[in-house]
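# Per-entry structural report
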Amino acid sequence: MERLDERPFPPGEYDVVLVGSGPGGLQTAYSLARTGIPRCAVISRDSAPGGMFQRFPVYQRLISWTKPDAPFERGTREYEWYDHNSLVGDERGHQALVPEFMDRAFDVPARHEMEAALVEFAMRGGVRVRYGCEWLSTRRDDAGFVLGTSDGEYRCRVCVFAIGVTEPWVAPIPGLEAAPHYVAANAPERYQDKSVFIVGKRNSGFELAQGLLPWARRIVLGSPRPVDTAMLAFSPLSIRYLSPYAEHIRGGTGSYVLNAAIERVERHANGYRIHASGTTWEGGLELESDEVIAATGFRGPVRDLPSIGVTMVNDGRMPAQTPYWESISVHGIYFAGNVTQASPGLRKHGATSSSGSVNGFRYNARVLAQHIAEKHFGLRRERRQIAGDEVVPYLLREVAHAPELWTQKGYLARVVVADAAGAFRDDGIVPLADFVDREGGDACAVAVEYDAEGTIIPVVYLRRGGRLAEHSLPPHPLHTFGTDEHRRQLAACLAPLLSRHAKASRV
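In what follows, the accompanying structure is described. (Residues numbered from 1 in each chain as written. Predicted model: local features only at pLDDT ≥ 70, side-chain atom pairs only at ≥ 80, totals over all residues. Heavy atoms only, no water.)

### Some thoughts on the sheet that holds strand 7 (residues 195-199)
Where we set the bar: The criterion for strand pairing is that DSSP finds at least two bridges linking the strands in question. The helix count covers DSSP runs of H or I at least four residues long, the strand count covers runs of E at least two residues long, and both are numbered beginning at the N terminus. Here an axis means a line fitted to C-alpha atoms, over the contact stretch when the element is a helix, while the angle between two N-to-C directions is reported on a 0 to 180 degree scale. Here a residue-residue contact requires only that any non-hydrogen atoms of the pair lie within 4.5 Å.
The 6 strands are arranged 11-10-9-8-7-12 in an open sheet whose pairing can be described as mixed. Each of the sheet's edge strands pairs with one partner strand only, and the pair in question is strand 11 (284-289) and strand 12 (291-294). Within the sheet, the average angular offset between the axes of one strand and its neighbour, ignoring direction, is 40°. Where strand 7 lies against strand 8 (residues 218-223), 5 bridges are found, and the strand directions are parallel. If you follow I198 over to strand 8, its bridge partner there is L221. Sitting on the sheet, helix 5 (residues 243-250) touches strand 8 and strand 9 (255-268), and the angle it makes with strand 9 is about 105°.

As structure tokens, this is what we get:
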């Protein structure tokens, strides 16, 4: 990696301009550089790689786990399933970098360990970024887009914004604006012997509560919706943050999880008064608390993108996106990193994507880079041919081991396409929502999904003659999906496709 003060990519004309140097920006930049697009510029207002991990999580431990020793060797594709924090590379030396920096005090890395791994990925992978260049404005012209920055103007056909979801968002609760947001929370020891009310019961709320358990006298987490433990498999909420909830269930420990609508927050000389009304119980409450922290979430720092037509969703917090993470309203503007969670996928049985975390959006970035190369620059990657009798074992191996499918359950799929000549081609990893909705020739896709009971199963999608059929394969207690029964059922699902194209290949 060049020295950070060398600053490549001066203002000018480029094919693609990528904004951001957090994990989403680094992964996308790495992948774009390997597509063959001739002129890609990467800019960042930061002074070094890392993005949000230069500051967050505020209490220093991540929620996503990495297993340094696993059934597969570090650096292999299969090992990615056991390492939810490293970015993914095309060379062995670019893989599995987070475990190199972990002290193994926990099964999750510390913030500084994650940051160090990102810096190392950028260095080993040759990810070049113009640091200290802040994106300030956006406009459209006949050739594409013009980005105004602190260094000057960048013109490009395609923009990719890997800007994170890191700008504090405060719920519209009267008086809550007087309380600090999660990002401004004090060090845990500053809350010693105090009562703390945390507004919010998602990751950031429970992270704060977990960090304060050894210090605060009383902790109350409040929000309208209850914690649904039956949905934890589908939820981004980390189980390791649920100690405060467990203490609430046991009772008598000074930790409370309150299902209530917060009506207003009043600041007074000795602290705060919180007015709330029950959502799963009747009545109201007035609580006195020394401290209040708003753990009400974040929004993407989209600057002026809405003014050029970018549609926003989720209370205006994130840009609405297609299955390929393109703005639904301004073609040529794409998003990368954890803001890709706004591309919802199919959401079958309520399951969400993992696109809000590194382990999910690292794969989105790979797919995105290739999609941009093909759609906008005609750089179509080579599709490997697969013999007809290899289709079933190949797809079984994918549902058994593919980290993309296991991490992005029900969101990404492996696709095999059949052509009129009877040949089969590996079409790669694609967004499942796109495969389901698109028109096209005969093809099949496999994904790993949850069923209605939360059991992990393989699912097969077969498109033949313009019609789409869906088949669920049986679960297995050890998630071993390569059994004779799975082979038999998958072969039966694909029989119409395989037999038809076997005949075509003999003609």
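### Looking at unusual backbone geometry
Keep this limit in mind: Burial classification: accessible surface area is computed with a 1.4 Å probe over protein chains only, and a residue below 20% of its type maximum counts as buried, one above 50% as exposed, and the rest as partly exposed.
Of note in the backbone geometry, N314 takes a positive phi value of approximately 55° without being a glycine. Looking at the element boundaries, N314 is found in the loop between strand 14 (312-313) and strand 15 (318-319). Given the relative accessible area of 42%, N314 is considered partly exposed.

### Quick word on the pairing of strand 12
Within a regular strand, side chains alternate between the sheet's two faces. A two-sided burial pattern is seen for strand 12, the buried positions comprising E291 and I293 on one face and V292 and A294 on the other. Sheet topology note: the strand 7/strand 12 ladder contains 4 bridges and is parallel. Of the residues in strand 12, the one forming a bridge with V196 is E291.

### As for helix 1 (residues 23-32)
Burial runs high along helix 1: 10 of the 10 residues are buried. If you check which residues of helix 1 are buried, you get P23, G24, G25, L26, Q27, T28, A29, Y30, S31 and L32. On the buried face of helix 1, the contacting elements are strand 1 (12-19), strand 2 (40-43), helix 3 (111-124), strand 5 (152-161) and helix 6 (358-377).

### A few points about the packing of helix 1 against helix 6
Put simply, the rule reads: Angles below 35 degrees are treated as roughly parallel, those above 145 as roughly antiparallel, those between 65 and 115 as roughly perpendicular, and all remaining angles as oblique. By definition, any crossing whose near helix is turned counterclockwise from its far helix by less than a right angle is left-handed, and any crossing with a clockwise turn is right-handed. Residues are grouped as follows: Ala, Val, Leu, Ile, Met, Phe, Trp, Tyr, Cys and Pro are nonpolar; Asp, Glu, Lys and Arg are charged; all remaining types, including Gly, are polar.
For the pair helix 1 and helix 6, interaxial distance at closest approach is 8 Å and the crossing angle is 30°. Accordingly, the angle class assigned to the pair helix 1 and helix 6 is roughly parallel. The handedness of the crossing between helix 1 and helix 6 is right-handed. Contact with helix 1, carried on its side by P23, G24, Q27, T28, S31 and L32, involves V358, F361, R362, A365, R366, L368 and A369 of helix 6 and no other residues of that element. Tallied by class, the residues present in the contact of helix 1 with helix 6 amount to 7 nonpolar, 4 polar and 2 charged.

### A word on the nonpolar core
Put simply, the test is: Here, the term nonpolar core denotes a set of buried Ala, Val, Leu, Ile, Met, Phe, Trp, Tyr and Cys residues that are joined through side-chain atoms within 4.5 Å.
Formed by 136 residues in total, the largest nonpolar core has its most connected members in F161, I333 and L494. By residue number, the principal contributor to this core is helix 6, which donates 9 residues. Counting residues in hydrophobic clusters, the runner-up holds 18 residues, among them L176, F197, A260 and I262.

### Description of the sheet that holds strand 18 (residues 412-418)
Spatially, 17-19-18-20-21-22 is the arrangement adopted by the 6 strands of the open sheet, whose pairing is antiparallel. Each having just a single partner strand, strand 17 (385-386) and strand 22 (467-472) make up the two edges of the open sheet. In this sheet, strand 20 (residues 443-450) lies alongside strand 18 in antiparallel orientation, the contact comprising 4 bridges. When the sheet's bridge partners are listed, R414 is paired in strand 20 with V446.

### Some details on the pattern of salt bridges
So the rule is basically this: For salt bridges, the criterion is a side-chain nitrogen of Lys or Arg within 4 Å of an Asp or Glu carboxyl oxygen.
Tallied over the entire structure, the rule returns 36 salt bridges. Among the ionic pairs, D90 bridges to R366, the shortest N-O distance being 3.6 Å. Taken together, the positions of D90 in the loop between strand 2 and helix 2 (98-101) and R366 in helix 6 put the pair 276 residues apart, joining distant regions of the chain. When its relative accessible area of 52% is taken as the criterion, D90 is described as exposed. One salt bridge in this structure joins R155 and D141, with 2.7 Å as the shortest N-O distance. With R155 in strand 5 and D141 in strand 3 (residues 135-141), this pair connects stretches of sequence that are 14 residues apart.

### Here we look at the environment of R104
Looking at the secondary structure, you find R104 in the loop between helix 2 and helix 3. Relative accessible area serves as the criterion here: at 48%, R104 is assigned to the partly exposed category. Here the alpha-carbon distance between R104 and I457, two residues 353 residues apart in the chain, equals 32 Å. For R104, the residues in contact, after removing those within four places along its chain, are P68, D69 and R74.

### With respect to the packing of aromatic side chains
Rules: Two aromatic rings from Phe, Tyr or Trp, using only the six-membered ring of Trp, form a pair when their centres are within 6.5 Å; if the ring planes differ by under 30 degrees the pair is stacked, by over 60 it is edge-to-face, and anything between is tilted.
Evaluation of the coordinates by the stated rule reveals 11 aromatic pairs. Measuring from ring centre to ring centre gives 6.4 Å for F9 and Y14, while their planes differ by 80°; the resulting arrangement is edge-to-face. Ring centres of Y324 and W325 lie 6.1 Å apart, and the angle between their planes is 85°; this geometry places the pair in the edge-to-face category. Aromatic rings pair up to connect F72, W81, Y82, W406 and F481 into one cluster.

### Focus on the pairing of strand 8
Stated formally: When the strands point away from the viewer, a crossover counts as right-handed if the route from the first strand across the helix to the second turns clockwise.
In terms of residue burial, strand 8 counts as a mostly covered element, since 5 of its 6 residues are buried. Between the parallel elements strand 7 and strand 8, the chain passes through helix 4 (residues 203-212) in a crossover that is right-handed. Here 5 bridges tie strand 8 to strand 9, and the two strands are oriented parallel to one another. Each bridged residue has a counterpart across the sheet, and for G222 the counterpart in strand 9 is L258.

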